Amino acid sequence: MTVKDILDAIQSPDSTPDDFAALPLPESYRAITVHKDETEMFAGLETRDKDPRKSIHLDDVPLPELGPGEALVAVMASSVNYNSVWTSIFEPLSTFGFLERYGRTSELAKRHDLPYHIIGSDLAGVVLRTGPGVNSWKPGDEVVAHCLSVELESSDGHNDTMLDPEQRIWGFETNFGGLAEIALVKSNQLMPKPDHLSWEEAASPGLVNSTAYRQLVSRNGAGMKQGDNVLIWGASGGLGSYATQFALAGGANPICVVSSPQKADICRAMGAEAVIDRNAEGYKFWKNEHEQDPREWKRFGKRIRELTGGEDVDIVFEHPGRETFGASVYVTRKGGTIVTCASTSGYNHEYDNRYLWMSLKRIIGSHFANYREAWEANRLIAKGKIHPTLSKVYSLEETGQAAFDVHRNLHQGKVGVLCLAPEEGLGVRDEEMRAKHIDAINRFRNI
Ligand SMILES: C/C=C/C(=O)SCCNC(=O)CCNC(=O)[C@H](O)C(C)(C)COP(=O)(O)OP(=O)(O)OC[C@H]1O[C@@H](n2cnc3c(N)ncnc32)[C@H](O)[C@@H]1OP(=O)(O)O
Ligand SMILES: NC(=O)C1=CN([C@@H]2O[C@H](COP(=O)(O)OP(=O)(O)OC[C@H]3O[C@@H](n4cnc5c(N)ncnc54)[C@H](OP(=O)(O)O)[C@@H]3O)[C@@H](O)[C@H]2O)C=CC1
């Protein structure tokens, strides 16, 4: 039995759930990994010079044992998220520490503590097998998976599953991720694949769309409302391309920050009117490594006021971190919110706290999305209210290059990876709905 037989079953229109259930599983499959004995390979290099193409491998790995409440999924496509970039450059920590810690929690979790880490936190594919206790999903179901892995044995996570003390991001803090021909997930991660999308389109929004939804829309995040001015850093990137869509769809006014005319055009094509090219306008928030320049914060704030007719922003959608955080706090309106989910340029932020407390601003930390938020975010994709922002698609063999592109900020929107899917464009089940949204679906393609 090989993965080729699985692909044949997926591509045959006659395959039934019983056919999938009867398919013998292969003993091994191909997966994107990083290796534990290579975690020091970039020691001494600057972050920028750590090259994912050197640390990312395509290996044959044994199929993991399936446990209660879990599912094995044939992965047709996945996508590159920045967390896979972090894993591949072993920053800020080697992710093998997460696997070791998880492995110590239970007999079943021990499976995750291996000398290789199969990475990837998105997938679109077909359920192959479900473990004991799984009733809502069956072999043959076409699914996407969100990346929240929780145990829910503590009451801490019972209102908001992100607060579970054993909360982990699948494919980052757990093994058996989505950049592979087969993935192991908890069945609660599964959601229906949007019918009008191809495998690679369906695989691309998951992580960033859910994160942007909690961060911007959910009451657990900024709770954006109609008319809000929302400053969105990296507005054509992974998170930002969804934040921009949420702002527009929710009646808010996105002020999109990008770094090239081409990216500015993409934001305008999405419907944004206020766009700042941070490169063209030459903002230099840091005079040197240690000292910021408040005059530059003010120049940035004045530009925002020009674009909003004199208003300051209600919400800043933050993720660049150290580089921008001082400016973000400064330009937020009195009583406004800075909501942050990352620190790409450095996690030791500095800002002038007088502008926070005297103007009653709030900083909110946000991370991925709880089960329900991830489901709601996927529902918006399935209903054609929010669209994938897939720009380019690589093969599984080329994942290192795909991660390199994201690390070097050479990409737009999301970068996809074909796993079992032999070509792009497969898996669409609702052509009529697709036709309605085709321009929006293709907006980021090949630019
Ligand atoms: C969905 C996609 C998302 C993304 O892309 S996010 C971007 C990528 N992610 C990252 O960059 C984050 C990577 N993770 C980390 O950098 C680390 O993961 C953290 C900094 C988040 C946490 O570090 P750690 O070392 O795991 O945690 P500690 O809390 O510093 O150390 C654990 C020990 O410290 C004890 N401790 C925790 N809080 C306290 C306290 N308040 N007072 C005293 N001790 C404390 C614990 O119990 C435990 O102890 P014991 O080692 O003995 O088990
Ligand atoms: N906590 C969570 O749940 C999540 C956290 N993340 C984290 O968020 C970060 C961004 O992820 P994602 O959006 O997918 O990544 P992308 O690289 O796709 O997009 C980020 C965008 O941010 C902008 N940017 C990068 N560096 C700077 C800077 N120094 N100053 C201003 N803008 C900058 C760039 O846009 P431009 O050059 O056009 O300005 C870039 O396109 C990563 O660190 C990731 O790990 C991501 C998802 C979930």
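Please refer to the structure placed before this passage.
Let me begin by describing the structure that accompanies this report. If you're wondering where the values come from, they're calculated on a predicted model, not measured in any experiment.

Conventions we followed
- Residues numbered from 1 in each chain as written.
- Chains lettered and ligands numbered in written order.
- Predicted model: local features only at pLDDT ≥ 70, side-chain atom pairs only at ≥ 80, totals over all residues.
- Heavy atoms only, no water.
- Helix = DSSP H or I, 4+ residues; strand = E, 2+ residues; numbered from the N terminus.
- Buried < 20%, exposed > 50% of the residue type's maximum accessible area, 1.4 Å probe, protein only.
- Lys, Arg positive; Asp, Glu negative; His and termini not counted.
- Salt bridge = Lys/Arg side-chain N within 4 Å of Asp/Glu carboxyl O.
- Polar contact = N/O pair within 3.5 Å; in protein donor to acceptor, adjacent residues only side chain to side chain.
- 1 Å grid on protein atoms, 1.4 Å probe; cavity = no way out; pocket = protein on both sides within 12 Å on 5 of 7 lines; lining within 4 Å.
- Points joined across faces, edges and corners; volume = space filled by probe spheres on them.
- Near = heavy atom within 4 Å.
- Nonpolar A, V, L, I, M, F, W, Y, C, P; charged D, E, K, R; others polar.
- Domains from an automatic or database assignment.
- Areas by Shrake-Rupley, 256 points an atom, 1.4 Å probe, with all protein chains shown as cover.
- Core = buried A, V, L, I, M, F, W, Y, C linked by side-chain atoms within 4.5 Å.
- Contact = heavy atoms within 4.5 Å.

What follows is about the side chain of lysine 193. Of note, lysine 193 is situated in the loop between strand E10 (190-192) and helix H6 (199-203). Although buried, lysine 193 forms no salt bridge, and the nearest oppositely charged side chain, glutamate 142, lies 4.6 Å from it. Reaching out from lysine 193, the side chain makes a polar contact with the backbone oxygen of glycine 427 at a distance of 2.8 Å.

All told, the structure shown has 1 cavity of 30 Å³ or more when counted by the stated rule. Roughly 80 Å³ of volume is contained in the largest cavity. Taken together, 13 residues make up the lining of the largest cavity; nearest its centre are Val144, Ala202, Pro205, Gly206 and Asn378. Elements that contribute at least two residues to the lining of the largest cavity include exactly strand E6 (142-145), H6, helix H7 (206-217) and helix H13 (371-382).

Turning next to unusual backbone geometry. Backbone torsion omega between glutamate 91 and proline 92 reads -10 degrees, so that peptide bond is classified as cis. Locating proline 92 in the fold gives a position in the loop between helix H4 (82-89) and helix H5 (96-103). We note that asparagine 409 has phi near 60 degrees; this positive angle belongs to a residue other than glycine. Within the secondary structure, asparagine 409 is located in the loop between helix H14 (399-407) and strand E18 (414-418). On the basis of relative accessibility, which here comes to 40%, the residue asparagine 409 falls in the partly exposed class.

Before going further, it helps to examine the site of ligand 2. By nearness alone, 25 residues border ligand 2, and Ser259, Arg278, Thr344, Phe368 and His411 come closest of all. Between an oxygen atom of ligand 2 and a side-chain N or O atom of tryptophan 86, the distance comes to 2.9 Å. Serine 259 places a side-chain nitrogen or oxygen 2.6 Å from an oxygen atom of ligand 2. Secondary-structure elements contributing two or more residues to the shell around ligand 2 are H4, H7, helix H8 (238-249) and helix H11 (322-331). A per-element tally of the shell around ligand 2 places H7 first, with 3 residues. Grouping the amino acids of the shell around ligand 2 by side-chain chemistry returns 10 nonpolar, 12 polar and 3 charged. Each of domain 1 (3-208 + 369-441) and domain 2 (222-365) contributes no fewer than three residues to the shell around ligand 2.

Moving on, we get to the site of ligand 1. Taken together, Asn83, Trp86, Pro92, Leu93, Phe98, Arg101, Ile169, Phe172, Leu207 and His367 form the complete shell of residues around ligand 1. At 3.1 Å, a side-chain N or O of arginine 101 approaches an oxygen atom of ligand 1. Here ligand 1, which alone exposes 1,100 Å², has 35% of that area covered by the protein. Among the secondary structure elements, those contributing two or more residues to the shell around ligand 1 are H4 and H5. A breakdown of the residues in the shell around ligand 1 according to their chemical character gives 7 nonpolar, 2 polar and 1 charged.

This part is about the nonpolar core. Nonpolar side chains tend to gather and get buried jointly when the protein is soluble and globular. Within the largest apolar cluster, 110 residues are counted, with the highest numbers of intra-cluster contacts made by Tyr29, Leu123, Leu190 and Phe368. The greatest single-element share of this core, amounting to 8 residues, is contributed by strand E3 (residues 70-80). Viewed by domain, this core spans two of them, domain 1 (3-208 + 369-441) and domain 2 (222-365), each represented by three or more residues. Not counting the four nearest positions on each side in its chain, tyrosine 29 is found in contact with Val3, Asp59, Asp60, Val61, Pro62, Leu63, Pro64, Ile118, Phe176, Ala180, Glu181 and Ile182. If you look at the next biggest cluster of nonpolar residues, it comprises 21 residues, including Leu231, Ala274, Trp297 and Val329.

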